[in-house]
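# Results of the structural survey
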Protein chains: 2
Amino acid sequence: MAQRYQILKPDWILTVDADFAVLRDAALVIADNRIDALLDAGEIAELDCFAGADIVELPGRVLLPGFVNSHTHASMSLFRGLADDLPLMEWLTEHIWPAEARWVGPEFTADGLRLAAAEMIRGGTTCLNDMFYFPDEVARTLQAVGMRGVVGLIVLDFPSAWAQDADEYLHKALAVHDEIRELPLIDSALAPHAPYTVSDEPLRKVAMYSNELDIPVHMHVHETAGEVAEAEQKTGRRPLERLDQLGLVNPSLIAVHMTELNPLEIERVAEAGVNVAHCPESNLKLASGICPLAALLAQDVNVCLGTDGAASNNDLDLLGEMRTASLLAKGASGDARACTARQAIEMATINGARALALGDRIGSIEAGKLADLVAIDLRAANTQPVYDPVAQVAYAAAASQVSDVWIDGVPQLREYELCHLDQAEIVARARAWANRIESAR
Amino acid sequence: MAQRYQILKPDWILTVDADFAVLRDAALVIADNRIDALLDAGEIAELDCFAGADIVELPGRVLLPGFVNSHTHASMSLFRGLADDLPLMEWLTEHIWPAEARWVGPEFTADGLRLAAAEMIRGGTTCLNDMFYFPDEVARTLQAVGMRGVVGLIVLDFPSAWAQDADEYLHKALAVHDEIRELPLIDSALAPHAPYTVSDEPLRKVAMYSNELDIPVHMHVHETAGEVAEAEQKTGRRPLERLDQLGLVNPSLIAVHMTELNPLEIERVAEAGVNVAHCPESNLKLASGICPLAALLAQDVNVCLGTDGAASNNDLDLLGEMRTASLLAKGASGDARACTARQAIEMATINGARALALGDRIGSIEAGKLADLVAIDLRAANTQPVYDPVAQVAYAAAASQVSDVWIDGVPQLREYELCHLDQAEIVARARAWANRIESAR
């Protein structure tokens, strides 16, 4: 069968390759679901091998690799604004966990995920690393939506609507891993919730399965000083030390939050090749602490960005997260050079891809990679004039300026319109959930 | 002449009155340029005194008082993205001040202000507190645009395109104050740049004129720890103490930034009724420090919000600033209850109005106040479902969801379209400036 070509013609291309090359007036050729070539404007006219290609003019736009949301609980979008201005443990134990116990099932999971997907695609996110109950439902819904994702195979000690004990979670994890492996947009990760909610025995099995199946481990680690202090008091060890002894501190680990790290731990994380998923907005909102981003970047740790769930953010906007991460790193470290615009963009793209073990497939604009792409229109008043498209993306552009999105070569947003999702129906279903939840409070 | 009525029918009204009343399915009546009445939906049909009124249906929208940007250098939007990832003094002395010296004149001031106005109106800002050269040009341009503003009558020791020495700045300040007093949307404030750029003698005169003319004093104060340490070394006093001795620490002072405050200074500021203009994004980006917002709010200090200029933010988005202020207060203080959604909205509206001595005219939705209003459409995916419109505005809504804006009763944005500004022309002029500036670098 003949290949289907799309030729995209933006004003700028931020390749996010090893040199962070920024191309002006270049064109990008998509062949089926892959990036086929990067051409300068002159080359296109001379070549006839792209006859019949769709030419997509993108005036005023900057084209980037799609954003990777490296930590979220997408379905929790249905709890957005349910409980605010509360610290993590009170928010979790008095509001979120009871609401989850009462409401979460396959239908909630799918409806919440679709609402999140509509928001994420509109904001340029093309891939997410999810952690929630009913991962089989998450996987099928993501594939149906057309979004790329790594689905967290959740493991907990305590019961939920999804499983009763650690053994059942692990059993279901392996079953779902097998069940979803044929879905082309979906990968899976083991997702033990946190050191304080999963005991040693299941964590040893997680380490073993991660190694055997060659999939990442996605886990909340050192989210608050309180968590670390409590573990030290109970066990004499900090959680990271315990995870290390259990064989989990290695390049397969996506350690989420990491607000509480001493210098030796930063060294250990760097040396072991651990990936850190930084969620600055959720950490600030829950007063969980501030991840030492400047120190981690200085040690060449692979730091990626997550929004966390919409119930503690309260949006799923990677452009906003990029900006907050950079500004907070400067403010918290006292160094205005910390986390530059370039580093912020790398965290939201290639670093996320690497953390998810997808670095050879997505995360940059290079020939051979899958065509996960986002176009941002810089012609709005708030991104003019353009001295530097890199600074405009990192520090001034808003999610609403994302005009076009491709995932796996398929247009998902064209000129600000969702191509496949029915937003009106998605919002109607979200409202129906909110009405039910609200009237039961 | 008969009054012109407009009747606005949003889903919610956040009055930002003393009780922070949130009205559901109410209507707001504008008579000419004032808020005439708040009616419940039933009352409207029964009254015929509004015959001929414009009925403005605002489905899915929340109506708020227009946002007050309490510290900006609007015309600096033309330098957005010119120099990033640098600390304050290097950014100022090596990039911004040289660029200002070379490029700033009346035309630059007006063109930059119009670009900023387009962005601000689109984001729901109806009033700004500006500090820049050529305040006469700022005043006339704002009045022509139809935006409310307090124009800073700048005072410096050193020469600029506007004046040569402190005496000339002061002389021009008084002249501009007189010249612009007939402009209905414009008020003025004395704007000595900072303790480290204005000496005692002109500051004494500023205190005297502020008292005589009954206008605020708008000044950068304690922006960085370095500024405070340098003053202590040179003079044996911290800048705030010096300002106090010069008679400036009083309810007319709008002290901008205030990142470096000891407990005694916080007490003094609270007792003296000083207004603090908090600019969290600019402070983070320049690594200037973090204003102790939670402590200031706990002492009932009137804290308002500013974006600062677009060259150090890099946008002029009060919704974003609100969110950053609240999240940062929680994260920096370790208290997730610090700066609630309600407090964030108050800072961006009524607190700003009070700081600018406009609290009796704008800042809340109450009968008799001027009709400066903003409607935000919460039907987007990222603000659904709505359990609480207050949380949605503070934590999830984006500037792009501002659908309608009224200033002094005049529609300035209707269904996302600017009513009076020609954005294409404004952007074209901004680009022409950028081309000139870029090619001279």
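Conventions used here
Residue numbers restart at each chain and count upward from 1, following the sequence in its written direction. Going through the entries in the order they are written, you letter the chains from A and number the ligands from 1. Note on the predicted model: pLDDT of at least 70 is required for a residue's local features to be given, and 80 or more for side-chain atom pairs to be given and counted; whole-chain, interface and lining totals, by contrast, use all residues. Here the side-chain values reflect all heavy atoms present in the structure, with hydrogen atoms and water set aside. C-alpha atoms of residues with pLDDT of at least 70 in both copies form the basis for the least-squares superposition of the copies. Contact between two residues is taken to exist if any of their heavy atoms lie within 4.5 Å; hydrogens are not considered. Two parts placed together each lose some accessible area under a 1.4 Å probe, and adding up what both lose gives the buried area. Whenever Lys or Arg places a side-chain nitrogen within 4 Å of a carboxyl oxygen from Asp or Glu, that contact is recorded as a salt bridge. Counting of polar contacts relies on pairs of N or O atoms within 3.5 Å, with two restrictions inside protein: one atom must be capable of donating a hydrogen and the other of accepting it, and residues adjacent in sequence are counted only when both atoms are side-chain atoms. Per the convention used, a helix needs a DSSP run of H or I reaching at least four residues, while a strand needs a run of E reaching at least two, with both numbered from the N terminus. Any residue that is not Ala, Val, Leu, Ile, Met, Phe, Trp, Tyr, Cys, Pro, Asp, Glu, Lys or Arg is counted as polar, Gly included; the first ten are nonpolar and the last four charged. Under the convention used throughout, the expected extent of a helix is 1.5 Å for every residue step, that is, one less than its residue count. Partly exposed residues are those whose accessible area sits between 20% and 50% of the maximum for their type, while under 20% is buried and over 50% is exposed, using a 1.4 Å probe and protein chains only. Strand pairing is defined by DSSP finding a minimum of two bridges between the two strands. Domains are outlined according to an automatic or database domain assignment. Note: pLDDT gives the predictor's confidence per residue, expressed from 0 to 100.

So, on to the relation of the copies chain A and chain B. When chain A is fitted to chain B, the best match, at an RMSD of 0.0 Å, comes from turning it 180° and sliding it 0.0 Å along the axis. As the rotation angle and translation indicate, the two copies are arranged about a two-fold axis. The rotation axis passes nearest to the C-alpha of serine 400 of chain A in chain A, at a distance of 3.1 Å. Mapped onto chain B, 100% of the interface residues of chain A again fall at the interface, so both copies present the same surface.

This brings us to the interface of chain A and chain B. At the interface, 57 residues of chain A touch 57 residues of chain B. Buried surface at the junction of chain A and chain B, summed over both partners, amounts to about 4,500 Å²; 58% is from carbon and sulfur atoms. Among the salt bridges present, the one from lysine 330 of chain B reaches aspartate 85 of chain A, with a minimum N-O distance of 2.6 Å. Our count for the contact surface shared by chain A and chain B stands at 29 residue pairs in polar contact (both at pLDDT 80 or more). Considering every element that reaches the side of chain A that touches chain B, the biggest residue donor is helix α16 (residues 423-439) of chain A, with seven residues. A per-class count over the side of chain A that touches chain B returns 27 nonpolar, 13 polar and 17 charged.

Right, let's get into helix α3 (residues 106-122) of chain A. Residues and elements named next belong to chain A. Look at α3: 24 Å from first C-alpha to last across 17 residues, which is about the 24 Å you get at 1.5 Å a residue. With 13 of its 17 residues buried, α3 lies for the most part within the structure. Where α3 terminates, the next one or two residues include glycine 124, which has phi positive at roughly 95°.

So, on to the pairing of strand β5 (residues 54-65) of chain A. Residues and elements named next belong to chain A. Strand direction decides the pairing type here: strand β1 (residues 5-14) and β5, joined by seven bridges, are parallel. Along β5, the bridge assignment pairs lysine 9 with glutamate 57. Both β5 and strand β14 (residues 373-377) contribute to a ladder of five bridges, which runs antiparallel. Pairing of leucine 63 across the sheet is with alanine 375, part of β14.

Turning next to the domain arrangement of chain A. Residue and element names in this part refer to chain A. As far as domains go, chain A holds domain 1 (5-65 + 370-408) and domain 2 (67-355). Measuring from the centre of the C-alpha atoms in domain 1 to the corresponding centre in domain 2 gives 30 Å. Each partner contributes residues to the interface: domain 1 has 26 residues there, and domain 2 has 25 residues. Between domain 1 and domain 2, the buried area comes to about 1,900 Å², and carbon and sulfur atoms account for 68% of it. Of all residues in domain 1, the largest losses of buried area upon contact with domain 2 belong to Phe20, Tyr395 and Ile407, amounting jointly to 32% of the total for that side.

Moving on to the confidence of the model for chain A. Residues with a pLDDT of 70 or more make up 99% of chain A, whose mean pLDDT is 96. Scoring the predicted complex yields pTM 0.97 and, for the interface, ipTM 0.96.

Of all five residues making up strand β10 (residues 217-221) of chain A, five are buried, and the element is well covered by its neighbours. Covered by surrounding structure in β10 of chain A are Val217, Met219 and Val221 of chain A together with His218 and His220 of chain A, the residues of both alternating faces.

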